[in-house]
Every structure is written in C-alpha cells, then in structure tokens.
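# Structural features, examined
Each chain, letter by letter, is given below.
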Amino acid sequence: MTAVLVIEDEPAMRRLLVTTLQAQGFTVTQASSLAQAERSLSLEPAAILLDLGLPDGDGLAFLRTLRRASSVPVVVLSARDREDDKVTALEAGADDYLTKPFGPRELIARIRVALRHAGPVPDDPVLVIGPFTIDRARHEVTVANRPVHLTPIEFRMLALLVRHAGKVVTHARLLEDVWGARGHDQHHYLRVHMAALRRKVEVDPARPRYLLTEQGIGYRLRDD
Ligand code: CA
C-alpha cells in the first residue's frame with residue numbers, strides 16, 4: 001500500500017483529505033504542524049500533501065529543507081488567487097499544487113501523477129501520451145495518427161509538456177527549456193506560440209482539451 005503524509009492544520013480539510021485518500025486504498029499519516037511532519041518523515045511516505053500555512057511555520061521553508069535530502073513527490077495545497085505562492089512552491093521543489101477548494105477526483109489524479117513521476121523523467125526518443133506521439137530523434141509529431149508539422153519552438157514546447165504530462169510546467173521552465181538563457185525576454189511570445197500550437201493539435205483551439213492554461217503559472221498537458 002502506498003503511504004501518503006498529509007500535512008494540514010485545518011481539521012475539516014485534513015479529514016476530507018484523509019478519507020478521500022483512504023477510500024482509494026492509500027495508507028495515510030497525518031500531521032497538523034511542521035514539528036509533527038518532521039517526525040513523520042521517518043516513516044518514508046511515498047508522497048506528501050503539504051499545506052503552506054501551518055501553525056508553527058511556513059510550508060515552503062519545510063519544502064526547501066526537505067528537498068536537500070529527499071525527492072519524495074510533494075503536492076502543495078494552496079488557496080485560490082495565490083499564484084505567486086504556487087510558482088514559489090514549484091520553484092522550491094513542489095511537484096504540483098492543488099487549489100482549494102478541490103474535488104476528490106482532482107486530488108487523487110494529482111497524487112497519482114506525482115507518484116508516477118517520482119522516478120526520473122523519461123528520456124525515450126519516442127514519447128506516447130494520449131493521442132500524441134512525439135519522435136524526438138526525427139522531430140515528428142502525430143496527433144491521433146495524423147502527422148502535424150510544428151515549428152522547432154512549438155516542437156520543444158510540446159515535447160516538454162508531454163514529458164511532464166499531467167503536471168504543471170511553469171512559464172519560467174518553458175522559457176528556459178525552449179529558448180535557453182535568452183528565455184526571460186520571450187515571455188510575451190509564449191502565449192503566441194501556445195496559440196499556434198493549439199491551432200495545430202486541438203480540435204477546438206478556443207476550448208483546448210489537452211493543452212490547458214494554468215492561469216498565472218504555466219501550462220499543463222491533460223493526461224487521462
Ligand atoms: Ca493552514
């Protein structure tokens with residue numbers, strides 16, 4: 001059984017998290033403070049759900065300390081409209097975040113994706129996710145068996161999102177990966193290239209089914 005450590009001080013929220021995870025067969029350890037969480041780390045959880053505001057300190061500080069010693073998947077629980085917190089958490093080493101309030105299906109899906117990505121990111125020359133097949137050696141892409149012609153930038157964007165399928169990829173990460181060191185100047189182009197990419201791979205680019213926008217944070221390739 002997969003053990004999840006839930007670090008959340010709000011009792012009602014903690015109960016919801018625990019019952020939802022247990023109903024899906026996860027073993028759950030609970031912590032309502034950072035002190036308790038630190039003690040629970042010795043149980044070596046397979047994944048951690050981390051609230052950022054805790055009575056004895058900041059979840060982000062805990063995450064930064066944790067990352068010096070551990071690559072355990074961490075999903076951060078964040079309030080709505082706190083995009084800066086989410087970006088900071090991702091940069092501090094969080095694997096993903098959940099925005100409160102969230103549904104049980106979303107919670108389980110995020111945990112499963114985080115667990116699946118616990119190992120190294122796949123480096124296979126051919127990546128297959130949902131309808132996408134990306135041949136990185138030949139620079140060829142098909143969507144539902146239909147060849148799609150992408151520019152080199154669109155190709156790099158899609159390849160990065162496919163490698164991290166199901167997880168949010170921040171604007172900063174995309175810019176760095178696609179444009180390299182010059183990336184920080186290219187922020188305004190990101191949206192333009194994403195729009196072009198959607199026109200090529202989405203059935204309805206105005207209502208994307210795969211290339212989802214994470215408002216103020218980045219993009220996520222739907223993986224289901
Ligand atoms: Ca809290």
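Residues numbered from 1 in each chain as written. Predicted model: local features only at pLDDT ≥ 70, side-chain atom pairs only at ≥ 80, totals over all residues. Heavy atoms only, no water.

## Description of the overall build of the protein
Convention followed: Here a strand is any run of E in DSSP of at least two residues, a helix any run of H or I of at least four, and the numbering for each starts at the N terminus. Working rule for contacts: check all heavy atoms of both residues, and any pair within 4.5 Å makes them a contact. Methods summary: accessible areas were calculated by the Shrake-Rupley approach with a probe of 1.4 Å, and residue burial reflects only the protein chains presented. For the charge count, each Lys or Arg is scored as positive and each Asp or Glu as negative, with His and the chain ends excluded. Charged groups are reduced to one reference atom each: NZ for lysine, CZ for arginine, CG for aspartic acid, CD for glutamic acid.
Per the secondary structure count, the protein includes eight helices and 14 strands. Summarising its shape, the C-alpha atoms of the protein cover approximately 50 × 35 × 30 Å along the three principal directions. For the protein, restricting intrachain contacts to residue pairs at least 6 apart in sequence, the fraction spanning at least 24 positions comes to 57%. For the protein, the accessible area works out to roughly 11,500 Å², and carbon and sulfur atoms hold 51% of it. The protein carries 30 positive and 29 negative side-chain charges, and their two centres are separated by 4 Å.

## Some remarks on the packing of aromatic side chains
Counted only if it meets this: Ring pairs are drawn from Phe, Tyr and Trp, using the six-membered ring of Trp, whenever the two centres fall within 6.5 Å, and their geometry is named by plane angle: stacked under 30 degrees, edge-to-face over 60, tilted for the rest. Per-residue accessibility, obtained with a 1.4 Å probe over protein chains only, is compared with the maximum for each type, and a residue is labelled buried under 20%, exposed over 50%, and partly exposed between these values.
Counted under the stated rule, the structure contains one aromatic pair. Ring geometry for Phe-132 versus Tyr-210: centroids 5.3 Å apart, planes at 85°, classification edge-to-face. Of this pair, Phe-132 sits in strand β9 (residues 132-135) while Tyr-210 sits in the loop between α8 (187-201) and β13 (211-214), placing them 78 residues apart in sequence. As far as burial versus exposure is concerned, Phe-132 and Tyr-210 are alike and both buried.

## What to know about the side chain of Ser-78
Inspection of the secondary structure assignment puts Ser-78 in strand β6 (residues 74-79). The exposure class of Ser-78 is buried, given its relative accessible area of 2%. Here Ser-78 is in contact with Asp-85, Lys-86, Leu-98, Thr-99 and Lys-100, once residues within four sequence places are set aside.

## Describing the pairing of strand β10 (residues 140-143)
Definition in use: Any two strands between which DSSP finds at least two bridges are classified as paired.
Alternating positions in β10 separate cleanly, Val-141 and Val-143 being buried on one face and Glu-140 and Thr-142 remaining unburied on the opposite face. Direction of pairing for β9 relative to β10: antiparallel, over a ladder of four bridges. Pairing of Ile-134 across the sheet is with Val-141, part of β10. The antiparallel pairing of β9 with β10 creates a hairpin that spans four residues between the two strands, and His-139 there sits at a positive phi of about 55°. The turn linking β10 back onto strand β11 (residues 146-148) is made up of two residues, and Ala-144 within it adopts a positive phi angle of 50°.

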